[in-house]
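# Working through the structure, step by step
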Amino acid sequence: MTTPAPASPPRPVRLLIVDDDPLVRAGLTLMLGGAEDIDIVGEGADGSEVAELVDRLRPDVVLMDIRMPVMDGLTATEVLRSRPDAPEIVVLTTFHADEQVLRAIRAGAAGFVLKDTPPAQIVDSVRRVAAGDPVLSPAVTRQLMARAAGSGREERVGRGERARQRIALLADREREVAVAVGQGRSNAEIAASLFLSVATVKTQVSRVLAKFDFNNRVQIALLVHDAGLLDEEADTGLS
């Protein structure tokens, strides 16, 4: 009986760092370069450089500053995420939650980290995003949704109507899973509450993402919030 060959180690996460401050870039490179499973493939100093760098370096994740002089990180995120096979993007910010972060998430960023986040957490954030897990806790998601709710009344009404029209396209089970995502529940928690397998929950989440051409679960949460479904669940005592 032959002994099976040992499994090869997973490929390191290819990371591109984009920040206009060379000291910040140097600090991030030093911090992240020590992780064996992260390979820093390049650096950029402005959002205007990102498209060319991504084409040439093919990163899995881009760690992107929001504020840059020529093209800011928000515009660069929108440009990148509109392309096929776009890398995942984590935005760097000095704010816990504001309209800039909300715009980045709506554009398809997989999350954000604060510049004063402990090094180990930044490393973990890159790993999680590369694995398809958005870097936003339920508490931060609620902050972002509260910010969205604080916009002008006409904007909220229009966004709510569009969100309800989109939600109406979901099958019943897809809608249940989408609401649970909006509540900040993990796949395991959703599976337990809806009496489904984790694999089935993953499939349902993937269907919702594909149906709306979303990039991550946070966009589902924002859609559910805009449609008023979280309020409905709270009213019925199901949250």
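Throughout what follows, the structure given in this document is the object of discussion. Each residue is numbered by its place in its chain's sequence as written, counting from 1. Since the coordinates come from a predicted model, pLDDT governs what is reported: local features require at least 70, and pairs of side-chain atoms require 80 or more to be given and counted, while whole-chain, interface and lining totals use all residues. The side-chain numbers reported here are obtained from all heavy atoms of the structure, hydrogens and water having been left aside.

## Details of the pairing of strand β4 (residues 88–93)
Each residue is assigned to one of three classes by its accessible area relative to the maximum for its type, calculated with a 1.4 Å probe on protein chains only: buried under 20%, partly exposed between the two thresholds, exposed over 50%. Here a helix means four or more residues in a row that DSSP labels H or I, a strand means two or more in a row labelled E, and each is numbered from the N terminus. Buried residues dominate β4, accounting for five of its six residues. We treat two strands as partners when DSSP finds at least two bridges between them. Relative to β4, strand β3 (residues 61–65) is paired through five bridges, and the arrangement is parallel. In the sheet register, Val-61 faces β4, and the bridge partner there is Glu-88. With the strands pointing away from the viewer, any crossover whose connection runs clockwise from the first strand over the helix to the second is right-handed. What joins β3 to β4 is helix α3 (residues 73–81), and the crossover it makes is right-handed. With four bridges joining them, β4 and strand β5 (residues 111–114) adopt parallel strand pairing. Each residue of the ladder has a partner; that of Thr-93, found in β5, is Leu-114.

## Section: the sheet that holds β4
One open sheet accounts for five strands, arranged β2-β1-β3-β4-β5; its pairing is parallel. Single-partner strands in this sheet number two, and they are β2 (38–44) and β5. Strand-to-strand, the axes of this sheet are offset by a mean angle of 25°, without reference to chain direction. Residues count as neighbours in contact if any of their non-hydrogen atoms are within 4.5 Å of one another. Lines are fitted to the C-alpha atoms to define the axes, a helix being fitted only along its stretch in contact, and any angle between axes, read from their N-to-C directions, falls within 0 to 180 degrees. Contacts between helix α2 (residues 50–57) and the sheet are confined to β1 (13–18), β2 and β3, with β1 contributing the most and set at about 160° to the helix.

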